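# A structural walkthrough
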Amino acid sequence: MTLYLLCLALFCVGLYGVLRKRNLVKIIIGLGIMEYAMNLFFILLAYRYHGRSPIEAQDQQILQMVDPLPQALVLTSIVIGLAVTALVISIAIRIYEKYGTFDITEIKRLRG
Amino acid sequence: MPGANIIPLFVIIPLFTAFFISLIGRFIKSTYVDIVSGLSSFLLLIFSFWGLAILGRCPETALVYKIGGWLPPFGICMVLDGLSNFMLVTVNIIAFLVVIYSFNYMEKYTDKPKFYTLFFLMLTGMNGVIVTGDLFNLFVFLEIASISSYALVAFGTEAEELEASFKYAIMGSVASAFIFIGIAFLYGFTSTLNMADMARVLSAKPSNWAVPFVSVLFLMGFGLKSALVPFHAWLPDAHSSAPASISAMLSGVLIKTLGVYALARIFFNVIGASGTVLSVLMFLGALSMLVAVILALSQWDLKRLLAYHSISQIGYVVLGIGLGTPLGILGGLFHLFNHSIFKSLLFLNSGAIDYSARTRDLREMSGLRKKLPVTAGTNLIASMSIAGIPPLNGFFSKLIIILACVQKGHIGYALAAVIASVLTLASFMKVQKFAFLGPLKEKYQAIKEVPPAMKFAMVSLATICILGGLLLLPSFSFFLNNAVNVLSDGRDYALAVFGAVLK
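Rules used in this analysis
- Residues numbered from 1 in each chain as written.
- Chains lettered and ligands numbered in written order.
- Predicted model: local features only at pLDDT ≥ 70, side-chain atom pairs only at ≥ 80, totals over all residues.
- Heavy atoms only, no water.
- Contact = heavy atoms within 4.5 Å.
- Buried area = accessible area lost by both parts, 1.4 Å probe.
- Salt bridge = Lys/Arg side-chain N within 4 Å of Asp/Glu carboxyl O.
- Polar contact = N/O pair within 3.5 Å; in protein donor to acceptor, adjacent residues only side chain to side chain.
- Helix = DSSP H or I, 4+ residues; strand = E, 2+ residues; numbered from the N terminus.
- Expected span 1.5 Å × (residues − 1).
- Buried < 20%, exposed > 50% of the residue type's maximum accessible area, 1.4 Å probe, protein only.
- Patch = residues over 30% accessible without salt bridge, like charges linked within 9 Å, V, L, I, M, F, W, Y side chains within 5 Å.
- Areas by Shrake-Rupley, 256 points an atom, 1.4 Å probe, with all protein chains shown as cover.
- Axes fitted to C-alpha atoms, helices over the stretch in contact; angles between N-to-C directions.
- Parallel < 35°, antiparallel > 145°, perpendicular 65-115°, else oblique.
- Left-handed = near helix turned anticlockwise from the far one by under 90°.
- Nonpolar A, V, L, I, M, F, W, Y, C, P; charged D, E, K, R; others polar.
- 1 Å grid on protein atoms, 1.4 Å probe; cavity = no way out; pocket = protein on both sides within 12 Å on 5 of 7 lines; lining within 4 Å.
- Points joined across faces, edges and corners; volume = space filled by probe spheres on them.
- Phe/Tyr/Trp six-rings, centres within 6.5 Å; stacked < 30°, edge-to-face > 60°.
- Lys NZ or Arg CZ within 6 Å of the ring centre and 35° of its normal.

## Some details on the interface of chain A and chain B
On the chain B side, the residues contacting the 36 residues of chain A number 34 residues. Taking both partners together, chain A and chain B bury about 3,100 Å²; carbon and sulfur atoms supply 81% of that area. Joining chain A to chain B, the criterion identifies zero salt bridges. At the junction of chain A and chain B, the tally comes to four residue pairs in polar contact (both at pLDDT 80 or more). Breaking the side of chain A that touches chain B down by element, the ones donating at least two residues are helix 1 (2-20), helix 2 (24-46) and helix 3 (68-99) of chain A. It is helix 3 of chain A that contributes the most residues to the side of chain A that touches chain B, 16 residues altogether.

Put into structure tokens, the structure is as follows:
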């Protein structure tokens, strides 16, 4: 249970970063933290106490094993997170070229 | 089942086209790139109509394709039922016409092959979301469509476009995070990811706190993707900054596929729509309808005005679906189809004005009817259609939604729908007055009507607007009724899918 609460805390740290920070790079870091927290949460769901990796071998019998499916899903999710981060970082660099600042309170040509 | 073999093609064709164009695009002339993209999207359109024919002929209500031959609870499957087919036809009509339109329109941007690559990746994601029968696979396709749309919004790389794209990307990623956590919870609760199997497991289990919690997460996530009112802040920026053909795709089909379709599919067919969720959906729909149309009234930027109207019209769709009665769902889905037609047309019109007169500000333009007759004519049809003037398609879907509200006893929501419709009319009269009527300004004496490909796309969409009401006639009504049946059957979706698997 403690682990889940810590995971939630990590998620909230990320969300705080996204919502409250003014620097574009810090917002992106917050997004990254959020993604780590949700991946961690999915892995935690699949964990069993004293479980081992689900690899079949000929001469041994597996009694307790962790659920392998979320591990595969989280790999996909990490790749998606990487794509989002790369895209957002490149947009942030172009924004810096245009506006000369990373501060979102000064980047507001769109309104209405 | 040989008919099911066409289902993966809806993902394979656009994905292959995207790959092919990005590989050879820089070595061939841009005319050939246009031809390849046009052919590919035309092929998708034909396949989506063919799917309609196959589904009409076979006795089951759903077709299932098992990827790699694995049986559904273990492998990923793709499902084609009435609702998927309805959405596929809608998406691919718009995609085909937008590709035709882009032949000329995208010439002012430098890199056409990259545009088509991103466009077809977005189409892959949307078609994938529609046909998939697996919840995690839905998330993956949703992210493919979202990421390519973030990039497409920033395609012009001007300051405003980058700013809008950044905002959209951050909001979209937060939405995806909520959806992902929702999926993780559902997996932990049911130990399966197949949507049909999940519906079966959930209806067998006693209800507990997990289902309402997951509902809230999905409501937030998909609400952000479909820009319902408390979550709408990104939409006016993103949709008005993108190139016009992309705005047409984003407003026309992306928010519906990723938002409304996924929301309806998960709530009705997987989780099972409870009364609470439905009343929240109705409330959000009515709120979006009213708030967005009031915000739209004061806009002077044509594309931003249209973007606010998208939020308002999505409100109608969500209100209709949220009623939960077959009549309400019929109205909601019909309005979804109609809105994707006339809103794409309006955005293409704004692109045509931008192409010829180089302005988006309503105060700048005046009397364009004399110089742009085709644009003005199609825009008049689309404006009347969105405002709900009788013979056009928008009237029938709004009428059905209002009737369904009255039938279920929600007089207040019916009144809200009428008021929003009147305000929409007011707002589009403003567009007509400032853009097309009045004296022609001196600086617009030399402008010319847009090239034939753009005219073709706009005239086709206007024709569908005029003929759209015919979909309610008995001989065509199977198209909508099959989609309505899927949603109103609720968790019997599982029976339909497993029945098709065992065949």
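## A word on helix 5 (residues 135-153) of chain B
Residue and element names in this part refer to chain B. The end-to-end C-alpha distance of helix 5, which contains 19 residues, comes to 27 Å, matching closely the 27 Å that a straight helix rising 1.5 Å per residue would cover. Along helix 5, 18 of the 19 residues are buried, which leaves the element largely enclosed by surrounding structure. N-capping of helix 5 is provided by Asp134, with a side-chain oxygen placed 3.2 Å from the backbone N of Phe136.

## Brief notes about a nonpolar patch on the surface
Taken together, the side chains of Ile12(B), Phe16(B), Phe19(B), Phe20(B) and Leu23(B) make up a nonpolar region of the molecular surface, amounting to roughly 510 Å² of accessible area. With respect to the secondary-structure elements, Phe16(B) resides in helix 1 (residues 9-24).

## Quick look at the packing of helix 6 (residues 159-190) of chain B against helix 7 (residues 195-204) of chain B
Residues and elements named next belong to chain B. Here helix 6 crosses helix 7 at 60 degrees, and the two axes come no closer than 10 Å. Comparing their axes, helix 7 and helix 6 come out oblique. Crossing handedness for the pair helix 6 and helix 7: left-handed. Touching Leu186, Phe189 and Thr190 of helix 6 are Met198, Val201 and Leu202, all from helix 7. The class makeup of the residues in the contact of helix 6 with helix 7 is five nonpolar, one polar and no charged.

## Quick notes on the layout of surface pockets
Here the largest pocket defines a volume of roughly 570 Å³. Contributing elements (two or more residues each) for the lining of the largest pocket: helix 1 and helix 2 of chain A together with helix 6, helix 9 (234-241) and helix 12 (302-323) of chain B. The biggest single contributor to the lining of the largest pocket is helix 6 of chain B, with seven residues. Among the residues forming the lining of the largest pocket, the class breakdown is 18 nonpolar, one polar and seven charged.

## Structural notes on the packing of aromatic side chains
Residue and element names in this part refer to chain B. Applying the stated criterion across every chain, the model contains 30 aromatic pairs over all chains. A centroid spacing of 5.7 Å and a plane angle of 15 degrees characterise the contact between Phe16 and Phe20, whose relative ring orientation is stacked. Here Phe20 and Phe16 lie together in helix 1, a separation of four residues that amounts to about one turn. Consider the rings of Phe139 and Phe180, whose centres lie 5.2 Å apart with planes at 55 degrees: the pair is tilted. Linking Phe139 in helix 5 with Phe180 in helix 6, this pair joins segments that are 41 residues apart in sequence. Across the pair, Phe180 and Phe139 agree in class, each one buried. Ring pairing ties together the aromatic residues Tyr109, Phe115, Tyr116, Phe119, Phe120 and Phe155, which thus form one cluster. Cation over ring: Lys205 sits above Phe189, and NZ or CZ is 4.5 Å from the ring centre.

## Structural notes on the side chain of Asn92(B)
All names here are of chain B. Mapped onto the fold, Asn92 is located in helix 3 (residues 82-105). We classify Asn92 as buried; its relative accessible area is 1%. Excluding anything up to four places from it in sequence, Asn92 contacts Phe10, Leu44, Leu45, Ser48, Leu123 and Asn127.

## Concerning the packing of helix 6 of chain B against helix 8 (residues 210-226) of chain B
Residues and elements named next belong to chain B. The interhelical angle for the contact between helix 6 and helix 8, taken along N-to-C directions, is 155 degrees, at an axis separation of 8 Å. Between helix 6 and helix 8, the angle is such that the two are roughly antiparallel. Where helix 6 crosses over helix 8, the handedness of that crossing is left-handed. Touching Met171, Gly172, Ala175, Ser176, Phe178, Ile179, Ile181, Gly182, Ile183, Phe185, Leu186 and Phe189 of helix 6 are Ala210, Val211, Phe213, Val214, Leu217, Phe218, Met220, Gly221, Phe222, Leu224 and Lys225, all from helix 8. Of the residues belonging to the contact of helix 6 with helix 8, the class tally is 18 nonpolar, four polar and one charged.

## Side note on the side chain of Asp34(B)
Residues and elements named next belong to chain B. With respect to the helices and strands, Asp34 occurs in helix 2 (residues 30-57). Overall, Asp34 belongs to the buried group, its relative accessible area being 8%. Leaving out residues up to four positions away in the same chain, Asp34 has contacts with Phe103, Lys112 and Tyr116.

## Looking at the environment of Lys29(B)
With respect to the element layout, Lys29(B) can be found in the loop between helix 1 and helix 2. C-alpha separation for the pair Lys29(B) and Lys205(B), spaced 176 residues apart in sequence, amounts to 59 Å.

## Looking at empty space enclosed by the protein
On inspection of all chains with the given rule, the structure shows five cavities of 30 Å³ or more. For the largest cavity, the calculated volume is near 60 Å³. Lining the largest cavity we find Glu35(A), Met38(A), Ser77(A), Ile80(A), Gly81(A), Val84(A), Phe139(B), Glu143(B), Ser173(B), Ser176(B) and Ala177(B). Those elements that provide at least two residues to the lining of the largest cavity are helix 2 and helix 3 of chain A together with helix 5 and helix 6 of chain B. The biggest single contributor to the lining of the largest cavity is helix 3 of chain A, with four residues. Grouping the amino acids of the lining of the largest cavity by side-chain chemistry returns five nonpolar, four polar and two charged. Reported here for the second largest cavity is a volume of approximately 60 Å³. Within the residue set of the lining of the second largest cavity, elements represented by two or more residues are helix 6, helix 8 and helix 10 (244-271) of chain B. Here the lining of the second largest cavity takes three residues from helix 10 of chain B, the largest share from any one element.

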